[in-house]
Amino acid sequence: MPRRFVTLVLIVLLLSSALIALAQAATGTLEFYANGEDFVRQGFVSKDGWAISFDHVYVNLTGITAYQSDPPYEPADEDAELVFDVEAILEGSYLVDLAEGDEDADPLLVGEVDAPEGFYNALSWEMVPVEDEESDMDGYTLLIIGTAEKDGEVIDFTLGIEQSYTYTCGEYVGDERKGILEADDYADLEMTFHFDHVFGDGELPPDDGLNETAPGFAPFAALAEDGVLVTDLAALEEQLSEDDWTLLVDILPTLGHVGEGHCHATLLDDVGETAE
Amino acid sequence: MIQRPITVLMLSGLVLILLIGVTPAAAHGVEITYALTPVQTVRVEVIVHDLAGEPVRKADVTVFTPEVAPGDAPAAAEAELSPWLETSTDRNGWVSFVPDPALAGSWQIAVAVDDADAHITLPLAEESGLIRLASDQGISVMSSGLQVTVAATPITTIQVALHAQFDTGEAMDEAQVVVYAPDNPQDPFLTGTCDAEGRYAFAVDLGRPGVWEIQVRKAGHGDWLKIDLDENAIEFEEVPVDTAGDADSTNTTVQTVRLADEVARSVESDDGLSSGQIVLMSATTIWGFVGTALYFSRRRAATRPESESDN
């Protein structure tokens, strides 16, 4: 009898382990994408008539985290706090070229994590400087390399952005609903970057809200020498007019979106503390 | 004095509550205001069969408001006029919708699947503020390859009338609207388009309580509006109705709430099991199995001597 009892207990433990495994298996795979949209992949005409194409748009991402926020995080509400029950963190830093691929390329898969099932209706990430002295990205969170052309004038430009930002966003807004993760399934979230906010959109009227707040490309073109412009924020603060500088620093925090949904941006200083 | 109890009962449920919520504006943001109004309307059911009588699943059903002239649904579809609703039939060939009660007139329904299509005019008449099917009979249309039956059942529901604009004050005309019912966050309840003033209205299905989620977007800007029809301080108020059924006295209460305070907190969230719950559940299960094993072991031990003595 003791042997039979031991056998029974072992079977019980085996079944229990299986049940526990089943209970813990309520996870799926959450994929994080970065998207510079067609503006970056295909190029576009700025609000002031410069046809811009991009060779590379490097962005350095870290702290990428999805949340099951409750109440749903509303970034437009200045008083809103991100309160969440579950978070899924993509560990590490990722240097992504948003211009990678051809003009019809899909958004770039940054990484994926196993995550508990549920509705991930909020997303945050940081843009921080690369620390690699051998890299062209050293010291920059964002590096935009491209060509602009207008009336036969061609400018090869490189714009470096040193400023760090934290973007905290609500639910994705777009053609499809994202972030609903079921067990043993896949769901995705997207970090979207709107570069038309910086250069404006020539297809929109000049008095469109987007164009009124965008610096455009003309202020940068005016700084080019022999068809070449290599500059960064530190230099631009000295080079740009006060009005253009204000437009630029005001608009850069609005780069980050979730699809067409807006995010709350926080500026970080070099040591990672909240500056504003 | 009450003469028609059923009518009075229905009209007593026809309370008027106006709720206005505002999503806070963001830089380059979107502002959505909305009003909720209980209304008497109809639920329209469309059933599509092939000519052999088999239900047709995944037939495209496109609905146009009375702004599209009767018989013009095909032309409207070809001209890519914005439909009020785009949906498809389920595996029973069935789909239903609740038309905007403010828009009495001839609604147009276009049904298409593969090479077959059909077009139906749905006459919805207004009478004493109520909307109903103008004909007492349902409508049945047979066309090339399809048989479409349309019926309209009176219901009381809530109309959501939203107004979307950019924070500059510019109307989000022709903005895309996608509505998700509380019990199905994956598949749209309906999709539609704002009018030239950025307005859109639809009626919810009160049989699906909870948080209704509405996405409005245009030209790279958009936002979500979330309306909790369980907890949104909707107070149904009995409205005195005279014997003539005069509904003019329904202008009773106007109530204003902030979206962030009253709505946003109630979105459903599937948290799964916490680790504590898993441990407790596992312990309970293990104890159940162990207990069962012990029970049978004791029982077998107790009965064995008798079996042996039998031999």
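Residues numbered from 1 in each chain as written. Chains lettered and ligands numbered in written order. Predicted model: local features only at pLDDT ≥ 70, side-chain atom pairs only at ≥ 80, totals over all residues. Heavy atoms only, no water.

A count of helices and strands for chain A gives 7 helices and 15 strands. Burial analysis of chain A (276 residues in total) assigns 50% to the buried set. Taken as a whole, chain A presents about 12800 Å² of accessible surface, with 47% of it coming from carbon and sulfur. (Helix = DSSP H or I, 4+ residues; strand = E, 2+ residues; numbered from the N terminus. Buried < 20%, exposed > 50% of the residue type's maximum accessible area, 1.4 Å probe, protein only. Areas by Shrake-Rupley, 256 points an atom, 1.4 Å probe, with all protein chains shown as cover.)

This paragraph deals with a negative patch on the surface. On the surface, Glu-131, Asp-132, Glu-133, Glu-134 and Asp-138 of chain A cluster together into a negatively charged patch. Relative to the helices and strands, Glu-133 of chain A resides in the loop between β7 (122-127) and β8 (142-150). (Patch = residues over 30% accessible without salt bridge, like charges linked within 9 Å, V, L, I, M, F, W, Y side chains within 5 Å. Salt bridge = Lys/Arg side-chain N within 4 Å of Asp/Glu carboxyl O. Lys, Arg positive; Asp, Glu negative; His and termini not counted. Charge placed at Lys NZ, Arg CZ, Asp CG, Glu CD.)

Here the focus is the packing of aromatic side chains. Residue and element names in this part refer to chain A. Enumeration according to the criterion identifies 21 aromatic pairs over all chains in this entry. Ring geometry for Phe-54 against Phe-195: centres 6.4 Å apart, planes inclined by 50°, an arrangement best described as tilted. With Phe-54 in strand β3 (residues 51-69) and Phe-195 in the loop between β12 (186-193) and α3 (196-199), the pair connects residues that are 141 residues apart, well separated along the chain. Note on accessibility: Phe-54 and Phe-195 belong to one class, buried. For the ring pair Tyr-67 and Phe-84, a centre distance of 4.8 Å and an interplane angle of 50° mean the geometry is tilted. Taken together, the positions of Tyr-67 in strand β3 and Phe-84 in strand β4 (residues 84-97) put the pair 17 residues apart, joining distant regions of the chain. (Phe/Tyr/Trp six-rings, centres within 6.5 Å; stacked < 30°, edge-to-face > 60°.)

This brings us to the sheet that holds strand β12 (residues 190-193) of chain B. All names here are of chain B. An order of β12-β11-β14-β15 is seen for the 4 strands of this open sheet, with the pairing classed as antiparallel. Strand pairing shows two members of the sheet lacking a second neighbour, β12 and β15 (221-228), which therefore form its edges. Between one strand axis and the next, the sheet turns through 15° on average, direction left out of account. Bridge count between strand β11 (residues 176-180) and β12: 4 bridges; the pairing is antiparallel. Bridging across to β12, Val-177 finds its partner in Gly-192. (Pairing = 2+ DSSP bridges. Axes fitted to C-alpha atoms, helices over the stretch in contact; angles between N-to-C directions.)

Attention now goes to the nonpolar core. Counting residues in each nonpolar core, the largest one holds 60 residues, and the members touching the most others are Leu-30, Leu-61 and Trp-125 of chain A. Counting residues per element, this core draws most heavily on β3 of chain A, which supplies 7 residues. Grouped together as the second largest cluster of nonpolar side chains are 52 residues, Trp-84, Ala-118, Val-150 and Ile-214 of chain B included. (Core = buried A, V, L, I, M, F, W, Y, C linked by side-chain atoms within 4.5 Å.)

By the definition in use, this model includes 11 salt bridges over all chains. Across the pair Arg-41 of chain A and Asp-38 of chain A runs a salt bridge whose closest N-O atoms are separated by 3.2 Å. Of this pair, Arg-41 of chain A and Asp-38 of chain A both sit in helix α2 (residues 37-42), 3 residues apart, which is roughly one turn of that helix. With a shortest N-O distance of 2.6 Å, Asp-188 of chain A and Lys-178 of chain A are connected by a salt bridge. With Asp-188 of chain A in strand β12 and Lys-178 of chain A in the loop between β10 (164-169) and β11 (180-181), this pair connects stretches of sequence that are 10 residues apart. On the basis of relative accessibility, which here comes to 6%, the residue Lys-178 of chain A falls in the buried class. Look at the salt bridges and you will find they share partners, linking Glu-171 and Arg-177 of chain A together with Glu-213 and Lys-226 of chain B into a network.

What follows is about the state of the cysteines. All names here are of chain A. Counted under the stated rule, the structure contains 1 disulfide over all chains. For Cys-169, the disulfide goes to Cys-263, at an S-S distance of 2.1 Å. Note on the Cys-169 and Cys-263 pair: the S-S dihedral is about 100°, so by sign convention the disulfide is right-handed. Taken together, the positions of Cys-169 in strand β10 and Cys-263 in strand β15 (residues 261-268) put the pair 94 residues apart, joining distant regions of the chain. A relative accessible area of 17% places Cys-263 in the buried class. (Disulfide = S-S within 2.5 Å.)

Moving on: the environment of Thr-246 of chain A. All names here are of chain A. Looking at where Thr-246 falls in the secondary structure, it is placed in helix α7 (residues 242-251). What makes Thr-246 partly exposed here is its relative accessible area of 35%. Spatially, the C-alpha atoms of Thr-246 and Thr-213 are 9.8 Å apart, while their sequence positions differ by 33 residues. Within the local environment of Thr-246, its side chain forms a polar contact with the backbone oxygen of Glu-242, the two atoms lying 2.8 Å apart. (Polar contact = N/O pair within 3.5 Å; in protein donor to acceptor, adjacent residues only side chain to side chain.)

Turning our eyes to something else, we now look at the pairing of strand β5 (residues 94-97) of chain B. All names here are of chain B. The alternating pattern of β5 places Val-95 and Phe-97 on a buried face, while none of Trp-94 and Ser-96, on the opposite face, is buried. Sheet topology note: the strand β2 (residues 30-50)/β5 ladder contains 4 bridges and is antiparallel. If you follow Ile-47 over to β5, its bridge partner there is Trp-94.

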